[in-house]
Each structure stands twice: as C-alpha cells, then as structure tokens.
Amino acid sequence: MKNQRRLWLVAALLVTTLIVLAACGGQSTPPPAAPAEEEAPAEAAAPAEESVAEESADDAVTEAPGAEEAAESAVEAEEEQAEDAVASSGDAIPLSMWYHGAGNDEERVVITQIIDDFNASQDQYVVEMQDFPQNSYNESIVAGALAGNLPDIIDMDGPIMPNWAWSGYLAPLDLPEGTLDGYLPGAIGRWDDQVYSVGLWDAAVAMFARRSVLEENDIRIPTLEEPWTKDEFDAALETLQATGEFEYAFDPGMAWTGEWYPYAFSPFLQSFGGDIIDRETYLSAEGVLNGPEAVEFGEWWQSLFERGLAPGTSQDSADRDTGFIDGRYALQWNGNWAAVPALEAYGDDMLFLPAPDFGNGPTIGAASWQFGVSADSEHQEGANDFVVFALQPKYSAAFSDVLGLAPTTVEAAAMTENYAPGGPLEVFYELSKQQALIRPPTPAYLSAALVFEKALADIANGADVVTSLDAAVDEINADIDANNGYGFQ
Amino acid sequence: MTQKSKVRLATTSRYTLMILLAAIFALPLLFMVISSFKPGLQILQDSSSLRAFLPVGDLSMQNYFDAFDRAPVARFIFNSILVTTVTLALGLFFCSLAAFALACLRWKGQGIVLTIIIATFIVPFETIAVPLLMIVSRLPTIGAEGFSYGWLNTYHVQIIPFIVDAFTIFLFVQFFKSLPYDLIEAARIDGASWFQIYARIIVPVSGPVFATAAILKGLVMWNQYLWPIMVVQSEQYRPVMVGLGYFFQLNTAWGEIMAYLSVITIPILVLFLSLQRVFVESIASSGIKG
C-alpha cells in the first residue's frame with residue numbers, strides 16, 4: 001500500500017511537471033513585433049495617441065445626426081482610435097541586441113546608457129539588449145545563426161568578424177562619410193573592402209616594467225621612437241634574471257590560454273618578419289609561418305623557456321595575475337585592462353614600455369569588441385542607426401573610464417581620466433596608434449589562431465621548432481583548402 | 001611484534017590510507033568553501049601554501065553579497081533545480097519502463113533494439129548537438145502567446161532531449177536482468193498486468209538502481225553547459241553552469257567564483273546525500289538477496 005501511494009505520488013508529480021512545462025512553453029520564437037510598451041519612447045507616444053482618439057470620439061458625437069447612431073459611432077470611433085493608439089505605441093520597432101558583457105556591471109551601465117539615449121533620441125526603434133557571459137558568447141552566436149535566431153545588432157571580437165561576415169552572419173555597415181576619420185585602425189573591422197564592425201575601444205599591450213628595477217640594472221628605458229632591439233631585450237632579460245631577485249625576468253602570460261596567444265605573441269612573430277597567414281594572398285601560411293624569420297622567432301621563443309627566463313605553459317593563472325605586482329617577475333607582457341592595478345601597486349615607478357623591435361619593426365596586437373549588424377535582421381537600417389549613434393566620442397570615453405581600455409579617437413581620449421594628454425595610460429593610445437597591427441583579417445583566422453596557439457605551446461614545451469611550424473602550416477593550409485580559400489583566389 | 005601490535009599497525013595504516021583518500025576528495029571542496037570567505041587577492045596569495053585550506057586572514061561574507069549582486073544567482077539555481085528535477089522524474093520513469101520492456105518482456109527483436117540503444121553510447125553529444133539544435137528550433141509549441149514554432153528560450157528545450165538516454169536504460173536493464181524471473185512469473189500467474197508488475201514488483205525492489213541512475217543523471221543535468229548556451233539566449237532560463245561565466249571578466253573575480261561555486265554545490269550535495277540514504281534503505285528492505 002505504501003508503495004502504491006508512492007507510485008501515485010510520483011504520477012501526480014509527473015502530471016504537475018508536465019503542466020508546468022506546458023505553461024512555460026510560451027517564450028519560444030517571439031513574434032516579429034514584440035511589445036515595446038515598456039520602453040520610454042513608446043510610452044511617450046501612447047498618451048498622445050490616446051488624446052487624439054478622445055478628440056476624434058468627441059467630434060463623432062457632435063457630428064452624428066441621431067443620438068443612438070451618434071453614440072454607436074462614438075463607441076466605434078473610440079474603439080478604432082484606441083486600437084490605432086495601441087498599434088501606434090507598438091510602432092517603435094524592437095531591435096534585439098546581443099552583448100558579451102554579462103556580469104560586468106560597470107560595462108553594463110555604459111551600454112545601457114547608450115541604449116537608453118538612442119531609444120530616447122528617436123521614436124522609430126527600441127533597442128532591447130540581452131547580455132551573455134563572454135566565455136560562451138561566440139558559441140551562442142554561432143548557434144543562433146544555425147537556428148536562424150540572430151539578433152539585429154551583434155557585438156563581436158574583432159578578429160572573428162571576417163569569419164562571421166564570410167559565413168553570412170553580418171551585413172556591411174552603412175556609415176556616414178567621415179564617421180571613422182581619426183579612428184584607431186584596430187577599432188575598425190574591414191572585410192572584403194567593406195566595414196562590417198566598429199568598436200568603441202581598443203585593447204593594447206605593453207611591456208610592464210618598473211623604472212627603479214631598470215635603472216638599478218643599467219637597462220635603457222625604451223621609447224616609442226627607440227624601442228629595445230632584440231639584442232637589447234635579450235640582454236635585459238639575462239641581466240634581470242642574473243640578479244636573482246626575480247623568479248623570472250619576463251612573464252609573457254603563458255597561463256592565459258586561448259586568444260591571448262595569437263593576440264599577444266603573433267606580434268613578436270610579425271616583428272621577426274613572419275606572420276600567421278600570408279597577407280598578400282590569404283591562401284596559405286607557407287613561407288610566413290615556417291620561413292626563416294618564423295623559425296628564428298620560434299628558436300628565440302623556445303630559448304626564453306630553455307634559459308629559464310620565462311614561466312612555461314604550466315604557469316598558474318594566479319601567478320600570472322599577481323607575479324608582477326608581487327615583484328616575482330621583472331617584466332610582464334600585459335594589456336591596458338591590467339594597467340590600473342599595476343599603477344596602484346607601483347605608482348610613479350610604473351612604466352608601460354613599447355614592444356621590442358625584433359628586426360621588422362615593433363608590433364602589438366589590435367582589435368577588440370566591436371558592433372555590427374546581423375545579415376538576417378529585418379531592420380538593418382535601424383540597427384545601423386544604432387551603431388552610428390553609439391560611435392560618439394563620449395561613449396568611447398565612458399567605456400574607457402570603466403574598462404581601462406583605449407578610446408578610439410583623440411577627441412574621446414581627451415575626455416577620459418587615463419588617456420587624456422598627460423594621463424597615466426596615454427602611452428597605450430600612442431601604442432595602439434603607432435604599433436598596432438590587426439590579426440590577419442580572414443575567415444581562416446578562427447582556425448589558424450587555434451593552430452598557432454598549439455604550435456607556440458609545443459615549442460615552449462621543447463618541441464622541434466621547424467617540425468612544429470611546418471605542422472601548423474599544413475593544418476592552416478588544409479583548413480583554407482577545405483573552405484575553398486574562404487573566398488580568396 | 002605482538003598480535004596486538006600487528007592489529008594496531010594494520011588499523012593505523014588502514015586509517016591513514018583512508019584519511020589520505022578522503023583528503024584527496026575533500027580538500028578541493030574545503031579550498032572552495034574557505035576561499036569563498038577570502039578577498040580575491042588573498043586567495044591567490046594563499047594558493048601556494050597550506051593557508052589555502054585554513055580560515056585565516058580577512059574573512060567575510062562579502063564575496064557572497066557581491067556574487068548575488070553581479071548575477072541573478074537565485075534565478076540560475078532555480079532554473080537548474082527545475083530542469084534537473086523534471087528531467088530526473090521523467091527520465092527515471094521512462095528509462096526504467098523501457099528497460100523493463102527490454103529486460104523482462106519477451107518480444108521479437110528486443111535484442112536488436114537493445115543493441116541499437118547501446119550503440120548510441122559511442123555517439124558523443126557534441127556530434128548531434130547541431131542537428132538537434134536545428135530540429136528543436138523548428139518544432140511547434142503552444143504557450144501563453146498561442147501556437148508558434150521553435151523551442152529556443154524555454155525550459156522544455158533543456159529537458160525533453162535528455163529525458164531518455166542510453167546509459168540510464170542500460171543501467172536499468174542490467175539491474176532488472178539480475179532480478180529473479182520467478183517473481184514476474186508468479187505475478188503473471190496471479191493475474192497482474194505488465195504495468196502492475198512493473199509498478200508493484202519491479203520498482204519496489206529496484207531502489208539501488210533508481211538511486212544510482214538519479215545520482216548519475218542528476219550530475220549530468222546539473223552540469224549542463226554546451227546545450228544551454230546553444231538554445232537559451234534569455235537570462236531568464238539560464239542554468240548555473242552558464243551563470244559561472246558571469247564571473248570571468250578581464251580581471252577574474254576569484255572570491256566571487258568560489259562563493260558562487262559553494263552555493264551551487266549545495267543542491268547537488270543534497271541530492272547525493274538524500275539518495276545515498278535511499279540507496280542503503282533499498283538494499284536493506286529489498287528482501288532479494290539471492
């Protein structure tokens with residue numbers, strides 16, 4: 001009997017859950033014109049329409065010949081006008097937007113402000129944002145594309161843009177002439193001679209160092225005009241390591257796996273004269289990723305770990321986060337997002353130095369998150385309007401202040417706390433302007449970046465340089481071939 | 001060495017080994033809970049010493065307050081509990097029914113069907129994720145807004161594809177096959193229907209396998225990550241593992257991560273501990289010991 005009662009209990013539970021499930025099933029594909037009454041512009045429009053309806057109804061009463069007919073006409077007119085008012089309040093077309101910053105409250109404040117300002121600036125569109133955790137954002141976009149569920153406005157990491165444009169996820173932007181004048185090149189996403197995305201900030205990498213450490217060891221402080229040469233940089237590392245004061249002379253950031261590797265380390269390769277993909281044809285990595293310059297880079301890279309100058313791939317992310325600030329690493333290759341904590345730790349002693357010149361000019365990575373318009377959007381014009389609206393310097397400055405990243409124009413930089421002339425991070429703006437080189441703007445980059453990361457990790461772990469680079473070239477070329485050159489011929 | 005000393009040595013060795021094994025499993029949990037009360041920088045500084053496992057330094061509940069401020073943690077936990085519970089309830093019912101048919105009934109082709117089900121073991125979920133996404137994004141649904149297409153951004157898209165799975169069916173089949181067939185025959189002679197046999201004979205003596213399946217399936221459902229990021233764009237339906245991403249920003253909030261992990265570990269621990277008791281009781285009261 002007890003068991004029977006349990007069985008009935010389970011059955012009842014099942015039925016209840018099924019009912020709950022059925023009730024929860026209403027949030028699937030939203031109708032094209034989702035209600036926009038909650039948004040300010042629509043709300044503002046509704047009362048005006050209501051008053052028109054009331055006036056029309058009053059008119060109908062006075063003009064109608066008979067009392068009953070007049071009453072009926074008035075009711076009908078009132079109903080019609082009320083419907084019109086509702087329709088009109090829903091006239092503001094909702095524009096969906098996906099954003100990568102879930103969990104970042106400071107960033108959310110700025111992006112929400114931009115959306116609110118845009119929504120208030122006109123009554124044709126209402127932007128509605130859905131934010132995602134950054135670490136799963138790209139997968140959500142690709143899944144959304146497969147399911148035919150992409151939003152109108154997408155934000156994306158710069159180097160991924162060509163792949164998404166090539167895949168047909170994005171529509172080119174239609175920017176008014178002069179919009180991008182004076183823009184940092186890294187913040188502009190170009191593919192196939194068209195602009196598909198534009199960012200409100202750019203990330204820049206510098207060599208974090210302490211003036212006192214360099215001066216104590218008679219190491220020249222490099223400048224943008226005269227960066228360290230390869231020999232100077234190597235000698236500096238040897239000197240710093242020999243002091244015995246540091247666990248490692250140089251922390252490149254091996255613990256930060258993923259996009260950090262191609263973003264932060266491919267500039268070294270480029271400065272040696274190599275690259276991830278041949279930028280003349282975008283059809284092969286042959287000769288650039290395994291040519292003599294690339295091999296020279298690979299051997300230098302491997303020597304950093306063999307000579308014990310840098311922590312290897314087993315570096316703990318905690319050490320990456322605290323090693324420089326704790327004084328265990330003498331130099332650190334790091335981004336402007338980490339600059340403020342370093343400044344707080346070392347104050348005036350803190351230096352942000354330009355990338356060394358390994359023979360082919362100093363280079364740092366470029367391109368951060370940018371806005372674009374979905375190719376599937378039924379309201380591309382509105383989505384485009386939003387992107388154009390968001391590109392105002394004041395918003396770029398606001399993002400810079402909360403994220404610590406570089407604003408995109410001189411005008412925006414002047415509005416910021418850190419990047420204004422004389423500001424503590426001004427050097428990053430100049431670094432972006434003078435040294436930045438975007439990662440290869442090709443759809444193949446998505447796959448090539450992973451291959452490059454593996455090759456660098458293997459080389460750091462002692463793998464044969466030539467074999468590793470040749471294998472990487474083969475893999476990248478195979479991917480390009482499998483995709484018919486990604487549109488390049 | 002006396003007999004007493006030998007016994008004492010053996011006992012000491014056994015307990016030392018058991019304590020070491022327990023420590024291997026318990027220390028990460030201890031680290032997580034202790035760290036959840038420490039500031040982020042202190043967690044990193046303590047991580048290379050024994051202090052990582054000790055409640056020392058600047059301890060507070062701040063990480064918990066900050067974690068609940070940063071993300072709708074309660075919503076994520078509610079979503080995961082709902083999805084896990086409903087999938088478990090439906091899954092245990094349907095999987096055990098399927099296994100009953102495969103293990104206890106006699107019908108043509110049951111061997112082939114079982115083989116096909118087991119063969120699906122070798123197909124990883126990642127292989128079918130994309131086709132499944134395209135199917136569920138086009139399936140009809142009825143909700144508050146009426147009839148529409150597409151299951152994206154719902155609870156049931158996170159539940160229905162996972163109700164029945166080959167491993168759970170296989171688990172039940174193996175257990176049901178070990179039960180004495182005489183029980184079923186006796187029930188048939190007494191006039192019981194197949195469902196009555198399932199409900200009144202098989203289920204009451206299958207507590208251990210139900211508990212085991214619930215624990216294994218519950219863990220899988222609680223840890224769902226890939227599928228939710230593909231089918232759920234709305235924050236309203238996100239489960240706990242997707243919510244973890246809220247804490248990985250440019251500068252990772254380690255303290256909040258530990259607090260979040262401590263909070264989301266509680267429900268799964270409760271599930272495990274509650275089923276562990278059922279598991280023991282089922283063995284004790286099953287009355288089938290061969």
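Given the structure is predicted, the values throughout are model-derived calculations rather than measurements.

**Some words on the overall build of chain B**
Phase 1: Counting secondary structure elements, chain B contains 14 helices and two strands.
Phase 2: Considering chain B as a whole, with its 290 residues, one finds that 43% of them fall into the buried category.
Phase 3: For chain B, the share of sequence-separated contacts (at least 6 apart) that also reach a separation of at least 24 residues comes to 69%.
Phase 4: As displayed, chain B has an accessible area near 15100 Å², and 71% of this comes from carbon and sulfur atoms.

**Considerations on the side chain of A:S136**
Phase 1: The topology assignment puts A:S136 in the loop between β2 (125-131) and α5 (137-146).
Phase 2: Residue A:S136 is classed as buried on the basis of its relative accessible area of 1%.
Phase 3: In this structure A:S136 touches B:Y225 and B:I229, once residues within four positions along its chain are discounted.

**Notes on empty space enclosed by the protein**
Phase 1: Per the stated rule, a full pass over the model turns up four cavities of 30 Å³ or more.
Phase 2: What the largest cavity holds in volume is close to 100 Å³.
Phase 3: In terms of lining, the largest cavity is formed by 15 residues, of which the most central are A:G158, A:P159, A:A367, A:I438 and A:R439.
Phase 4: Broken down by element, the residue count for the lining of the largest cavity peaks at three residues, all from strand β5 (residues 188-191) of chain A.
Phase 5: Its boundaries defined by the atoms lining it, the second largest cavity holds a volume of some 60 Å³.
Phase 6: Looking at the second largest cavity, the residues that line it are B:N79, B:S80, B:V83, B:T84, B:Q158, B:F162, B:M221, B:Q224, B:W227, B:P228 and B:P239.
Phase 7: Elements supplying a minimum of two residues to the lining of the second largest cavity: α4 (73-103) and α12 (226-231) of chain B.
Phase 8: The dominant element in the lining of the second largest cavity, judged by the number of residues it contributes, is α4(B), at four residues.

**Points about the packing of aromatic side chains**
Phase 1: Tallied over the entire structure, the rule returns 61 aromatic pairs over all chains.
Phase 2: Summarising the aromatic geometry, the rings of A:W301 and A:F305 are spaced 5.2 Å apart at their centres and angled 75° between planes, so their arrangement reads as edge-to-face. Highlighted residues: A:W301 and A:F305, both in helix α10 (residues 292-306), separated by four residues, approximately one helical turn.
Phase 3: Given a relative accessible area of 0%, A:W301 falls into the buried group.
Phase 4: The ring of B:Y181 has B:R106 lying over it, and the distance from NZ or CZ to the ring centre is 4.7 Å.
Phase 5: The side chain of B:R238 reaches across the aromatic face of A:F132, ending 4.9 Å from its centre.

**Looking at the packing of helix α4 (residues 105-121) of chain A against helix α13 (residues 380-390) of chain A**
When two helices pack together, their arrangement is given by the angle between the helix axes and by the axis-to-axis distance.
Residue and element names in this part refer to chain A.
Phase 1: Between α4 and α13, the least distance of the axes is 10 Å, while the angle of their chain directions is 120°. With respect to each other, α4 and α13 are oriented oblique. At the point where α4 passes α13, the crossing takes the right-handed sense. Taken together, the residues of α13 that come into contact with α4 (itself represented by I114, I115, D117, F118 and S121) are G382, D385, F386, F389 and A390.
Phase 2: Residue composition of the contact of α4 with α13, grouped by class: six nonpolar, two polar and two charged.

**So, the confidence of the model for chain A**
Residues and elements named next belong to chain A.
Phase 1: Mean pLDDT over chain A: 85, with 82% of residues reaching 70 or higher.
Phase 2: Residue range residues 18-75 is modelled with pLDDT below 50. Its contacts to residues more than four positions away, or to other chains, number 70 contacts.
Phase 3: Counted against residues more than four places away or in other chains, residues 77-89, with its pLDDT under 50, gives twelve contacts.

**Looking at the side chain of A:Q130**
Phase 1: You can see A:Q130 is positioned in strand β2.
Phase 2: Setting aside chain neighbours within four positions, we find A:Q130 in contact with A:M97, A:W98, A:Y99, B:Q233, B:S234, B:E235 and B:R238.

**Side note on the interface of chain A and chain B**
How big an interface is tends to be stated in terms of accessible area lost as the parts join.
Phase 1: Contacts between the two partners involve 38 residues from chain A and, on the opposite side, 49 residues from chain B.
Phase 2: Together chain A and chain B conceal approximately 3800 Å² of surface at their shared face, both sides included; 60% is due to carbon and sulfur atoms.
Phase 3: Along the contact surface separating chain A from chain B lie zero salt bridges.
Phase 4: On inspection of chain A and its partner chain B, the count reaches five residue pairs in polar contact (both at pLDDT 80 or more).
Phase 5: Breaking the side of chain A that touches chain B down by element, the ones donating at least two residues are α1 (2-23), β2, α5 and α11 (317-322) of chain A.
Phase 6: Of the residues forming the side of chain A that touches chain B, the biggest block, seven residues, is contributed by α1(A).
Phase 7: A class-by-class count of the residues in the side of chain A that touches chain B yields 16 nonpolar, 17 polar and five charged.

**A look at unusual backbone geometry**
Most peptide bonds are trans, and most residues other than glycine sit at a negative phi.
All names here are of chain A.
Phase 1: We note that A367 has phi near 85°; this positive angle belongs to a residue other than glycine.
Phase 2: Tracing the sequence through the fold places A367 in the loop between β11 (364-366) and β12 (369-374).
Phase 3: A residue is classified by how much of its surface remains accessible, and A367, at 9% relative accessible area, is buried.
Phase 4: Even without glycine at this site, Y486 takes up a positive phi of about 55°.
Phase 5: Along the chain, Y486 turns up in the segment after α18 (465-482).

**Here we look at helix α3 (residues 62-70) of chain B**
Residue and element names in this part refer to chain B.
Phase 1: Those residues of α3 not exposed but buried are N63, Y64, A67 and R70. One side of α3 holds all its buried residues, which, seen down the axis, span an arc of 130°. Facing away from the buried surface of α3 by more than 90 degrees, the exposed residues are F65 and D69.

**Considering the packing of helix α9 (residues 260-272) of chain A against α10(A)**
Residues and elements named next belong to chain A.
Phase 1: Here α9 crosses α10 at 130°, and the two axes come no closer than 8 Å. Relative to α10, α9 is oriented oblique. Between α9 and α10 the crossing geometry is right-handed. Taken together, the residues of α10 that come into contact with α9 (itself represented by F265, F268, L269 and F272) are E293, A294, E296, F297, W300 and W301.
Phase 2: Its residues assigned to classes, the contact of α9 with α10 shows eight nonpolar, no polar and two charged.

**Remarks on the confidence of the model for chain B**
Phase 1: Across chain B, the average pLDDT comes to 90, with 95% of residues at or above 70.
Phase 2: Below a pLDDT of 50 lies the segment residues 286-290 of chain B, which in the model reaches six contacts outside its immediate sequence neighbourhood of four places, other chains included.

**Section: a negative patch on the surface**
Residues and elements named next belong to chain A.
Phase 1: A surface patch of like charges, here negative, comprises E286, E293, E296, E299, D464, D470, D474 and E475.
Phase 2: Those elements giving two or more residues to the negative patch turn out to be α10 and α18.
Phase 3: Overall, the relative accessible area of 30% leaves D470 in the partly exposed class.

**Quick look at the pairing of β12(A)**
Residues and elements named next belong to chain A.
Phase 1: Across the six residues that make up β12, a large majority, six, are buried.
Phase 2: Looking at chain direction, strand β3 (residues 153-157) and β12 are connected through five bridges and run antiparallel. Looking at the pairing, D157 lines up with W369 of β12.
Phase 3: Here two bridges tie strand β4 (residues 170-171) to β12, and the two strands are oriented antiparallel to one another. By the bridge assignment, A171 is partnered in β12 with V373.
Phase 4: Two strands pair when backbone bridges link them, and strand β6 (residues 194-199) and β12 are joined in this way by two bridges, in the antiparallel orientation. Note on β12: the bridge partner recorded for V198 is F371.

The rules we used
Residues numbered from 1 in each chain as written. Chains lettered and ligands numbered in written order. Predicted model: local features only at pLDDT ≥ 70, side-chain atom pairs only at ≥ 80, totals over all residues. Heavy atoms only, no water. Helix = DSSP H or I, 4+ residues; strand = E, 2+ residues; numbered from the N terminus. Buried < 20%, exposed > 50% of the residue type's maximum accessible area, 1.4 Å probe, protein only. Contact = heavy atoms within 4.5 Å. Areas by Shrake-Rupley, 256 points an atom, 1.4 Å probe, with all protein chains shown as cover. 1 Å grid on protein atoms, 1.4 Å probe; cavity = no way out; pocket = protein on both sides within 12 Å on 5 of 7 lines; lining within 4 Å. Points joined across faces, edges and corners; volume = space filled by probe spheres on them. Phe/Tyr/Trp six-rings, centres within 6.5 Å; stacked < 30°, edge-to-face > 60°. Lys NZ or Arg CZ within 6 Å of the ring centre and 35° of its normal. Axes fitted to C-alpha atoms, helices over the stretch in contact; angles between N-to-C directions. Parallel < 35°, antiparallel > 145°, perpendicular 65-115°, else oblique. Left-handed = near helix turned anticlockwise from the far one by under 90°. Nonpolar A, V, L, I, M, F, W, Y, C, P; charged D, E, K, R; others polar. pLDDT = per-residue confidence, 0-100. Buried area = accessible area lost by both parts, 1.4 Å probe. Salt bridge = Lys/Arg side-chain N within 4 Å of Asp/Glu carboxyl O. Polar contact = N/O pair within 3.5 Å; in protein donor to acceptor, adjacent residues only side chain to side chain. Arc of directions from axis to C-beta. Patch = residues over 30% accessible without salt bridge, like charges linked within 9 Å, V, L, I, M, F, W, Y side chains within 5 Å. Lys, Arg positive; Asp, Glu negative; His and termini not counted. Charge placed at Lys NZ, Arg CZ, Asp CG, Glu CD. Pairing = 2+ DSSP bridges.

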